[in-house]
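Tertiary structure, described
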Amino acid sequence: CVVGQVLTVDESGKGWLSVGDVLVLDKPDIGYTYIYPTLKAVVYLCGRKMSHGAFIARELGLTVVYDTLEELRLQQGALVEVNGEKGTFRLIEGT
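1. A word on the overall build of the protein chain
When helices and strands are counted, the protein chain shows one helix and six strands. Reading the secondary structure of the protein chain in the N-to-C direction produces β-β-β-α-β-β-β. Residues counted as buried form 37% of the 95 residues belonging to the protein chain. Across the protein chain, contacts joining residues at least 24 apart in sequence account for 26% of those joining residues at least 6 apart. Split by element, the accessible area of the protein chain, about 5800 Å² in all, is 52% carbon and sulfur.

Right, dumping it as structure tokens:
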């Protein structure tokens, strides 16, 4: 289990990155793998275990949760807990 602040990325690909963030994306996108080394976890709202982004994240030792089927629209900076073993994430604080 890891706890961190949500990093969201808008349609233009812009977001404010801090070390230890939890990247939340609608689907795997290999375009963001260059920031993986600074993250604690990656959450894909849809996706598969063997998607390229999820594979690279696991290789780097990140906690990865995918195919959550959640319709959460988390705000930048919200505090979440990500459990890679159970495949879950939950909001701790924020929206």
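2. So, the environment of Phe55
Structurally, the position occupied by Phe55 is in helix H1 (residues 52-59). In the structure, Phe55 is positioned 27 residues away from Pro28 in sequence and 10.0 Å away in space, judged by C-alpha atoms.

3. Points about the side chain of Asn83
Summarising the element assignment, Asn83 is placed in strand S5 (residues 79-83). Its relative accessible area of 12% is what places Asn83 among the buried residues. With near-sequence residues (within four places) excluded, Asn83 lies in contact with Cys1, Thr63, Val65 and Thr88.

4. Looking at the pattern of salt bridges
By the definition in use, this model includes one salt bridge. Residue Arg90 is joined to Glu81 by a salt bridge in which the shortest nitrogen-to-oxygen separation is 3.1 Å.

5. Some words on the pairing of S5
Bridge count for strand S1 (residues 2-7) against S5 is four bridges, and the pairing is antiparallel. Bridge pairing links Val3 to Glu81 in S5. Pairing analysis gives five bridges linking S5 to strand S6 (residues 88-93), with the strands arranged antiparallel. Paired with Val80 across the two strands is Leu91, which belongs to S6. Linkage of S5 to S6, two consecutive antiparallel strands, is achieved through a turn of four residues, within which Gly87 is found at a positive phi near 70°.

6. What about the sheet that holds strand S2 (residues 22-25)?
Strand order in the open sheet formed by six strands is S4-S3-S2-S1-S5-S6, with mixed pairing between adjacent strands. Of all strands in the sheet, those with a lone pairing partner are strand S4 (63-65) and S6, marking the two edges. Recorded for the sheet is a direction-independent mean angle of 30° between the axes of neighbouring strands.

Cut-offs and rules
Residues numbered from 1 in each chain as written. Predicted model: local features only at pLDDT ≥ 70, side-chain atom pairs only at ≥ 80, totals over all residues. Heavy atoms only, no water. Helix = DSSP H or I, 4+ residues; strand = E, 2+ residues; numbered from the N terminus. Buried < 20%, exposed > 50% of the residue type's maximum accessible area, 1.4 Å probe, protein only. Contact = heavy atoms within 4.5 Å. Areas by Shrake-Rupley, 256 points an atom, 1.4 Å probe, with all protein chains shown as cover. Salt bridge = Lys/Arg side-chain N within 4 Å of Asp/Glu carboxyl O. Pairing = 2+ DSSP bridges. Axes fitted to C-alpha atoms, helices over the stretch in contact; angles between N-to-C directions.

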